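The residues making up each chain are set out below.
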Amino acid sequence: MLFPTMTFAIFFLFVFVTAWSLDRENGRRKAFLVLASWVFYGWWDWRFIGLLIASATLNFLVAELIDRSETRRRRLWLVGLGVAINLTILGFFKYYGFFVEQLGDVLKIFGWQRDLPLLQVVLPVGISFFTFQGISYVVDVHRGHCEKARSLLDVMLLMSFFPHLVAGPIVRASDLLPQFAQTPRLTRAMVSHAMILIVWGLFKKTVIASELSVGLVDPVFFDPTAHSALDLLAATYGYAAQIYCDFSAYSDIAIGVAGLLGYRFPRNFDQPYRAASLQDFWRRWHISLSSWLRDYLYIPLGGGRGSEWKICRNLMITMLLGGLWHGAAWTFVAWGALHGGVLVFERLWKKFKPAAWPRLPTILGILITFHIVCLSWILFRAESFSLALDYLAGFGRWGPASVATPFLVSLTVIGLGIHFLPSRAGEAVAGMAKYLPSPALGAAAALTMLVIEAVRPEGIAPFIYFQF
Amino acid sequence: MSEESHLESPLGEEFEPDSFARMVAWLRRVSGYDPGAEDEEEDELAAARTQRWAGRSILFAAVILALLNAPSIRSWASTLDPSQPSEIIRKLADVWTDSMDQAGLEEPRRAIRRAYDNWKAWGGVEPAQTPPAAP
C-alpha cells in the first residue's frame, strides 16, 4: 500500500476516525494501531507479519531480561544476544544470497568450486528499518537511555507503526515509547503542519520525482552508452533531485500521517544539498540513519577518540557498513567507501591544513560537496559496476541531448531549488494555517491535491527506499 | 514528546516570523481562534476542540476530493480485482465522472493539464514517450 494512492487514503481515513474514537482508551487505541499496521504491511505480503511479530517479541523479551539483570556482564551478554538476533534476521533475508555468491566466487578463485546452497529469499519490505529500530531499543534499554517498554504491545507498535514501517524515519524507542504512555493530544499547529507536509510530500513524489524518474533518469541509467554527455549530466543532476524528492517526500508524508494520529517523529531531512561539507551533508540527509550509525556503530567503535588513524578507520567502517545497509551489492559498498574516503579527507584536511591557507568560501564548499554527492549517486543508482563505469566514461562523449528536455531540466532545477527556500517555510505556513476555520483548511489542502492530481503522471512507482 | 528526545521533530515547532504577524492577526479575527499564552494542550476542552477541528478539516478535504476528483476514483476503481463491489464502484465512478464532465466541472482540471503539457513541450521539444511508472 503506497502512500500516494486512493487505497491508502481510504485506509488512513478509517484509521484516523477509529483511532480518535478510541482516545479515552489508550490500550485499545494502541492495539488498533498495531492491527492497522499489520494490515498495511500485509498488503505487500501477509507472510511477513509473522516476522514482525517475532522480531518485536524477541526484542521485548531481551529488553525485559536486560532490565532484570543485576550484573553488568550478564547485561552485556544479553545486549549482544539482542543485537545478534536482529542482525541474523537482517543478514538472512537481505544478505544471504549476496554472501553465498561472494563465497562461491572466492572458492572459484582458489579452485575449490562447490555447489553452495543458494536460496531464493524474498526480501521483506522495510526489514532494514525495523531491525535497526529493534537494535536501538535493546541497546537504549541497556544504556539506560530509555526505560523498557511497559508492555509487549508498546514494542509491537514501536516496531510496526505503519507510518515509519517500510522506509523510516528510524524512530527510536526513547522518542516514541514515552508518547505511547498516554493518548496523544493534537494541537492546531501540529495538524496544520502535518497536512502541509502530506501535501508537500505528494507534490515532491508524484510530480517531481515521478516525472524525472520516467522521463530522464530511468532511460539514461538503463543504457548510458546510448546517451551523450549532456544527457548523462542532466540525468545525474536529475537523479540527485529525484532521490531527494522521493525519499524526503516519504519522510514528510510519514511525519504528517503520524502527526495526524498525534505522534511526533524526528526530522529526517534538512536541505541536504545546502551542505558545505560531507560531514554537514550527513547531518542533513537521512538524519535518523546517520544519527543511528553515529550512536550505535561509530561511537561504539571508538568514535572520535584515539589516534587519528583509529578515527579514520572508524569513519570508513561506519560508511562502508552504511553503504551495505542500503543494499546487498558492491555498488552500495563503493558508494559508502566514497563517502567514507571524503569524510576522512575532510577530517585530515581540517587537521593538517596550514593555518595560513584561506578557508574555502561556503558557496564553493556547497558546490564541491554537491558534486561529490552527485558522483556518488551514480554508483548508488547504477545496476552494476560496469554500468557505472560506462556512465562515467560517457562524460567524454559529446553530442546533442536526446532525453534532457527543457521541461525535465527545469523540473530538476525546481527539485534542487527547494533547498534554497527558507529553511522553516513549512512551519511558517503552518503557523498561519492553524488559524484557518476547518472548512478553509480542508478546502486548501484538497484544492492543492487536485492541482497535483491534475498534473501528475499516470501510476505511481514505489518509493526508492522501499527496496532497502 | 520526551524532553530528552535526541532529534527535534518538525511537528514540535511553532514558527511565526514577524512578517506574518498581521496576516495571523487577521486570520485570528476571521476564525475566532485565539489561544492564550498558555499551551493549548493543557486544557482538556481545548484538546477536544482541536480534535474536532482536525476531524472536520480532514472530512472537508476528503469530501471535496471525492466530489471533484472523479477521474482518479475511476482510475483507482479500474485497478481493483473484479468483484461485485468493485463493479459497483467502477460504475458509480463512471457515472460521476460523466456528470462532472457535463456540468463543466472537469474544465479547470483540463486547463491545468493543458498548461502543464505546454510546459512539457516547452522549447519545441516533445518529451520522450515513456510508459507510465509501474503502479
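Residues numbered from 1 in each chain as written. Chains lettered and ligands numbered in written order. Predicted model: local features only at pLDDT ≥ 70, side-chain atom pairs only at ≥ 80, totals over all residues. Heavy atoms only, no water.

*Asks:* Looking at this structure, how should I read the overall build of chain B?
*Replies:* Each helix and strand counted, chain B has five helices and zero strands in total. Mapped from its N terminus to its C terminus, chain B presents α and β elements in the order α-α-α-α-α. Looking at chain B residue by residue over its 135 residues, the buried ones come to 27%. Within chain B, contacts between residues separated by at least 24 positions form 37% of all contacts whose residues are at least 6 apart in sequence. Summed over all atoms, the accessible surface of chain B reaches about 9000 Å², with 58% contributed by carbon and sulfur. (Helix = DSSP H or I, 4+ residues; strand = E, 2+ residues; numbered from the N terminus. Buried < 20%, exposed > 50% of the residue type's maximum accessible area, 1.4 Å probe, protein only. Contact = heavy atoms within 4.5 Å. Areas by Shrake-Rupley, 256 points an atom, 1.4 Å probe, with all protein chains shown as cover.)

*Asks:* Quick question: what am I supposed to make of the overall build of chain A here?
*Replies:* When helices and strands are tallied, chain A shows 19 helices and zero strands. Counting across all 468 residues of chain A, residues that qualify as buried make up 60%. Long-range contacts, defined here as pairs at least 24 residues apart, represent 78% of the contacts in chain A between residues at least 6 apart. Surface summary for chain A: the accessible area is close to 19000 Å², and the carbon and sulfur share equals 67%.

*Asks:* Where do I start with the side chain of lysine 30 of chain A in this structure?
*Replies:* Inspection of the secondary structure puts lysine 30 of chain A in helix α2 (residues 26-45). When near neighbours in sequence (up to four residues on either side) are disregarded, lysine 30 of chain A contacts Leu153, Asp154, Leu157 and Phe180 of chain A.

*Asks:* I tried to follow a nonpolar patch on the surface on my own but got confused; where do I start?
*Replies:* All names here are of chain A. Side chains of Leu360, Ile363, Leu364, Leu367 and Ile368 sit close together on the surface and give an oily, nonpolar patch of about 450 Å² of accessible area. Counting through the fold element by element, leucine 360 comes out in the loop between α14 (330-352) and α15 (362-381). In this structure leucine 360 comes out as partly exposed when scored by relative accessible area, which is 48%. (Patch = residues over 30% accessible without salt bridge, like charges linked within 9 Å, V, L, I, M, F, W, Y side chains within 5 Å. Salt bridge = Lys/Arg side-chain N within 4 Å of Asp/Glu carboxyl O.)

*Asks:* Quick question: what am I supposed to make of the environment of threonine 79 of chain B here?
*Replies:* Residues and elements named next belong to chain B. One can find threonine 79 in the loop between α3 (70-77) and α4 (84-102). For threonine 79, a relative accessible area of 54% puts it in the exposed group. As for threonine 79 and arginine 90, which are separated by eleven residues in sequence, their C-alpha atoms are 9.6 Å apart. Here the side chain of threonine 79 touches tryptophan 76 through a polar contact of 2.5 Å, landing on its backbone oxygen. (Polar contact = N/O pair within 3.5 Å; in protein donor to acceptor, adjacent residues only side chain to side chain.)

*Asks:* Where do I start with helix α19 (residues 438-455) of chain A in this structure?
*Replies:* Relative to the 26 Å expected for 18 residues at 1.5 Å per residue, α19 of chain A spans 26 Å between its end C-alpha atoms, a close match to the ideal helical length. For α19 of chain A, the full list of buried residues reads Ser438, Leu441, Gly442, Ala445, Ala446, Met449, Leu450, Ile452, Glu453, Ala454 and Val455 of chain A. Contact partners of the buried residues in α19 of chain A: α9 (188-222) and α18 (425-433) of chain A together with α2 (44-68), α3 and α5 (107-120) of chain B. (Expected span 1.5 Å × (residues − 1).)

*Asks:* Sorry, what's going on with the nonpolar core here?
*Replies:* Buried together is how nonpolar side chains tend to be arranged in soluble globular proteins. Residue and element names in this part refer to chain A. In this structure, Tyr137, Phe162, Leu261, Tyr273, Trp285, Trp377 and Tyr465 are the most contacted members of the largest nonpolar core, which totals 162 residues. Per element, the largest residue contribution to this core is 18 residues, and it comes from helix α10 (residues 229-260). For tyrosine 465, the contacting residues outside a window of four places in its chain are Phe129, Val166, Ala167, Ile243, Asp246, Phe247, Trp285, His286, Trp325, His326 and Phe380. (Core = buried A, V, L, I, M, F, W, Y, C linked by side-chain atoms within 4.5 Å.)

*Asks:* Mind showing me how you'd approach the packing of helix α4 (residues 72-109) of chain A against helix α13 (residues 308-326) of chain A here?
*Replies:* For any two helices packed against each other, one specifies the inter-axial angle together with the distance between the axes. Residues and elements named next belong to chain A. For the pair α4 and α13, the least separation of the axes is 10 Å and the interaxial angle reads 105 degrees. Judged on the interaxial angle alone, α13 and α4 are roughly perpendicular. Note on element contacts: α13 touches α4 through Leu324, Trp325 and His326, opposite Lys94, Tyr95, Phe98 and Phe99. Looking at the contact of α4 with α13 residue by residue, the class counts come to five nonpolar, one polar and one charged. (Axes fitted to C-alpha atoms, helices over the stretch in contact; angles between N-to-C directions. Parallel < 35°, antiparallel > 145°, perpendicular 65-115°, else oblique. Nonpolar A, V, L, I, M, F, W, Y, C, P; charged D, E, K, R; others polar.)

*Asks:* Would you take a moment to explain the packing of aromatic side chains for this structure?
*Replies:* Note on aromatic pairs: each is described by the distance of the centres and the angle between the planes. Residues and elements named next belong to chain A. In this structure the tally under the stated criterion is 51 aromatic pairs over all chains. Ring geometry for phenylalanine 12 versus phenylalanine 16: centroids 6.0 Å apart, planes at 45 degrees, classification tilted. On the criterion of helical spacing, the pair formed by phenylalanine 12 and phenylalanine 16 is a turn pair, its members being four residues apart in helix α1 (residues 6-21). The side chain of arginine 29 reaches across the aromatic face of tryptophan 20, ending 4.3 Å from its centre. (Phe/Tyr/Trp six-rings, centres within 6.5 Å; stacked < 30°, edge-to-face > 60°. Lys NZ or Arg CZ within 6 Å of the ring centre and 35° of its normal.)

*Asks:* Looking at this structure, I do not really get the confidence of the model for chain B. What am I missing?
*Replies:* Where the model shows low pLDDT, its predicted coordinates should not be examined in detail. Residue and element names in this part refer to chain B. Averaged over all residues, the pLDDT of chain B is 73; the fraction at 70 or higher stands at 60%. Confidence, read as mean pLDDT per element, is least for helix α1 (residues 21-31) in chain B (66) and greatest for α2 (89). This stretch, residues 1-6, has a pLDDT under 50; its non-local contacts, to residues over four places away or in other chains, come to eleven contacts. Within the model, pLDDT remains below 50 along residues 128-135, and this stretch shows twelve contacts once partners closer than five positions in the same chain are excluded. (pLDDT = per-residue confidence, 0-100.)

*Asks:* Hey, could you run me through the pattern of salt bridges in this one?
*Replies:* Pairs can form between side chains of opposite charge whenever their charged atoms are close. Under the defined criterion, the tally for this structure stands at 24 salt bridges over all chains. Between aspartate 154 of chain A and lysine 30 of chain A there is a salt bridge, and its shortest N-O distance comes to 2.7 Å. Here aspartate 154 of chain A is found in helix α6 (residues 152-160), whereas its partner lysine 30 of chain A is found in helix α2, with 124 residues between them in sequence. The buried category is assigned to aspartate 154 of chain A, whose relative accessible area is 2%. According to the relative accessible area criterion, lysine 30 of chain A is buried, its value standing at 8%. A salt bridge links arginine 294 of chain A to aspartate 295 of chain A; its shortest N-O distance comes to 2.8 Å. A relative accessible area of 39% means that arginine 294 of chain A is categorised as partly exposed. Several salt bridges converge on common partners, so that one network encompasses Asp101, Glu107, Arg110 and Arg114 of chain B.

*Asks:* I'm lost on unusual backbone geometry in this one. Help?
*Replies:* Phi is mostly negative for residues that are not glycine, and the peptide bonds are mostly trans. At glutamine 271 of chain A, a position not held by glycine, the phi torsion is positive, near 50 degrees. Within the secondary structure, glutamine 271 of chain A sits in the loop between α10 and α11 (278-284).

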